[in-house]
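# Geometric and topological summary
Residues per chain, in single letters:
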Amino acid sequence: MNNFDFYNPVRVHFGPGTVKDVGLLSKEIGTKVCIVSYRNLGFLEPLCAKVVQLLEAEGIKVYTFFEAEPNPDITTIARGADFCRNNEVDLIIGLGGGSAMDAAKAVAAGVFYKAELWNMVYSRQYGTEVVPPEDALPMLMIPTLPATGSEMNQCSVVSNRVLKEKSFIWAECLYPHTAIIDPELTVSLPAYQTACAAADSISHVLEIYINGEEDSPLQHSFQEGVMRTVIDYVPLALNEPGNIDARANLQWAATCAINGWASPGDAWTPIHQVAHNLTSLFGVAHGASLSALMPAWMKSFSSRRKNRYLQFALNVMRVVPGGKSEDEIIAEGITAFEGFLKAIGVPVTLNEVGVKDTDLDSIIDGVKKVSFGEGGMLSCIPPVSAEDIKKMLKTAQPA
Ligand SMILES: [Fe+2]
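Quantities reported herein were computed from a predicted structural model and do not represent experimental measurements.

### Focus: the domain arrangement of the protein chain
Domain parsing of the protein chain yields domain 1 (11–186) and domain 2 (191–395). Between domain 1 and domain 2, the C-alpha centre-to-centre distance is 26 Å. Contact between domain 1 and domain 2 buries roughly 2400 Å² in total, counting both sides, with carbon and sulfur atoms accounting for 61%. Our count for the domain 1 to domain 2 interface comes out at zero salt bridges. For the side of domain 1 that touches domain 2, the secondary-structure elements that each account for two or more residues are β1 (11–14) and β7 (165–170). The leading source of residues in the side of domain 1 that touches domain 2 is β7, at four residues. A class-by-class count of the residues in the side of domain 1 that touches domain 2 yields 14 nonpolar, eight polar and seven charged.

### Examining the sheet that holds strand β8 (residues 178–181)
In space, the six strands of this open sheet follow the order β1-β8-β5-β4-β2-β3, with parallel pairing throughout. The open sheet terminates on both sides in strands that have one partner only, identified here as β1 and β3 (61–68). The sheet shows a mean angle of 20° between the axes of neighbouring strands, direction not considered. The sheet contact formed by strand β5 (residues 139–143) and β8 spans two bridges and is parallel. In the strand pairing of β8, Met141 is matched with Ala179. This element, helix α3 (residues 74–86), spans β2 (32–38), β3 and β4 (91–96) of the sheet and lies at about 170° to β3. The sheet contacts of helix α4 (residues 98–110) involve β2, β3, β4 and β5, and relative to β4 the element is tilted by about 165°.

### Considerations on the pattern of salt bridges
Going through the model one piece at a time under the given rule, you end up with 20 salt bridges. Its salt-bridge partner being Asp388, residue Arg304 comes within 3.0 Å of it at the nearest N-O pair. Note that Arg304 is positioned in the loop between α10 (294–301) and α11 (306–316) and Asp388 in helix α14 (residues 386–395), a separation of 84 residues in sequence. Judged by its relative accessible area of 35%, Arg304 falls in the partly exposed class. One salt bridge connects Lys390 with Asp361, and the closest N-O pair in it is separated by 2.8 Å. Taken together, the positions of Lys390 in helix α14 and Asp361 in helix α13 (residues 360–371) put the pair 29 residues apart, joining distant regions of the chain. Judged by its relative accessible area of 28%, Lys390 is partly exposed. Where salt bridges share partners, they join Arg39, Glu67, Glu69 and Arg79 into one cluster.

### Remarks on the coordination of the iron ion
Distances from the iron ion to its protein donors, Asp200 (OD), His204 (NE2), His272 (NE2) and His286 (NE2), fall at 2.1 to 2.2 Å. Around the iron ion, the four donor atoms sit at angles spanning 82 to 170°, and that spread fits a shape best called irregular. Here the donor residues for the iron ion map to a single chain with the spacing D-x3-H-x67-H-x13-H. Residue Asp200 and its partner His204 are located together in helix α5 (residues 191–211), separated by four residues, close to a single helical turn. Given the relative accessible area of 2%, Asp200 is considered buried.

### Concerning the pairing of β5
In summary, the side chains of a regular strand alternate between the two faces of the sheet. Where burial is concerned, most of β5 is hidden: five out of the five residues are buried. Burial of β5 is two-sided: the residues Met139, Met141 and Pro143 facing one way and the residues Leu140 and Ile142 facing the other way are all buried. Summarising the sheet, β4 and β5 pair through five bridges and their orientation is parallel. Each residue of the ladder has a partner; that of Ile92, found in β5, is Met139.

### Concerning the packing of helix α6 (residues 217–239) against helix α7 (residues 244–257)
What describes two packed helices is the angle between their axes and the distance between those same axes. Their axes nearest at 9 Å, the elements α6 and α7 cross at an angle of 150°. One element, α6, and the other, α7, form an angle in the roughly antiparallel class. In terms of crossing hand, the pair formed by α6 and α7 is left-handed. Only Asp245, Ala246, Arg247, Asn249, Leu250, Ala253, Cys256 and Ala257 of α7 make contact with α6, whose side of the interface consists of Val226, Thr229, Val230, Tyr233, Val234, Leu236 and Ala237.

### A look at the UniProt feature "domain: Fe-containing alcohol dehydrogenase-like C-terminal" (unreviewed entry) in the protein chain
The feature "domain: Fe-containing alcohol dehydrogenase-like C-terminal" (unreviewed entry), as given by UniProt, occupies residues 195–368 in the numbering adopted here. The span residues 195–368 carries 69% helix and 0% strand; its end-to-end C-alpha distance comes to 29 Å.

Criteria and cut-off values
Residues numbered from 1 in each chain as written. Predicted model: local features only at pLDDT ≥ 70, side-chain atom pairs only at ≥ 80, totals over all residues. Heavy atoms only, no water. Domains from an automatic or database assignment. Buried area = accessible area lost by both parts, 1.4 Å probe. Salt bridge = Lys/Arg side-chain N within 4 Å of Asp/Glu carboxyl O. Helix = DSSP H or I, 4+ residues; strand = E, 2+ residues; numbered from the N terminus. Nonpolar A, V, L, I, M, F, W, Y, C, P; charged D, E, K, R; others polar. Pairing = 2+ DSSP bridges. Axes fitted to C-alpha atoms, helices over the stretch in contact; angles between N-to-C directions. Contact = heavy atoms within 4.5 Å. Buried < 20%, exposed > 50% of the residue type's maximum accessible area, 1.4 Å probe, protein only. Donors = N, O, S within 2.8 Å, 3.2 Å for Na, K, Ca; no water. Tetrahedral: all angles 85-135°; square planar, octahedral: opposite > 155°, others 65-115°. Parallel < 35°, antiparallel > 145°, perpendicular 65-115°, else oblique. Left-handed = near helix turned anticlockwise from the far one by under 90°. UniProt positions renumbered as here; feature names shortened; annotations may be inferred.

Next up, the structure:
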């Protein structure tokens, strides 16, 4: 296993109904709060009103920046940072799914960032030196979608619609102070969003599991646990949307998938690096962009990491090995996983998300621009070339 430096300071306040404590928990951190959430609040409107009420009951001055769009744009972040700076806000609350929380984090850092905000974002395009932020306002996160894990990590994913890029900021100052993880907030999620969230949670560990280090048994056990939990509980949540036990397990699995515990020393996310381009170029929802690629990725690259895929088949998809060859077990595992994704209702091909053959080169160009490493390859074990990606994308487009 690799050396690593692990740090995660986030206080987690977990459980059904815990959002009621937002006033008391916020009072410990700040006195002038800005809630960052979506431009179209939709079904979150009553929750936002309740949070405002709970904060004001504790004597906290509340501002709102309900301007985040799905895949928040860097221009929105800039406006949010100006708004918080001008109002001398001392605590940011991110309320919503990944886009709301990531916008909140980028705004919190943007308040102090002196240079062009896009310089915070990891991208190799134009040879620009990435300068991660070093300071941010304290943050409290209230996730309403069990997916991105943003509530307990140091990452914020943002977009630049002018450059047609989607990438991430990675900085220690982006760890929230506190996360209130209340599974009751997810019971009204529509089925498709529940399924897309599950695909995202799985991908956060699956990608490392099949593309990362071989000799990391404890990490692999963590990753298997996250995947099995999601695979077991998402059908229950889809059949019984109000099943709070299912919702709680999905919430905690999503958080643990990407808070660092499952993968210290190992952080390969090559499928995300390709999938981000489906979003930035064609507007495909994040979870769907991943589910549309995962089966093709596995079919394309399983022969390079047979042991990892064998473990996946046996320990995650619970393939019964009796009398089968290793290759048969691996193939059965991938088929079972693809079947699971289909069954929960997410796309498993590029055709289903409207990506055409003529679009493939633009996807590859995007991956090259943002994510290719020094050696002209996409980083993972073993590294993946542009030609490999093209073949994989074609596999995701069955005739
Ligand atoms: Fe993700």
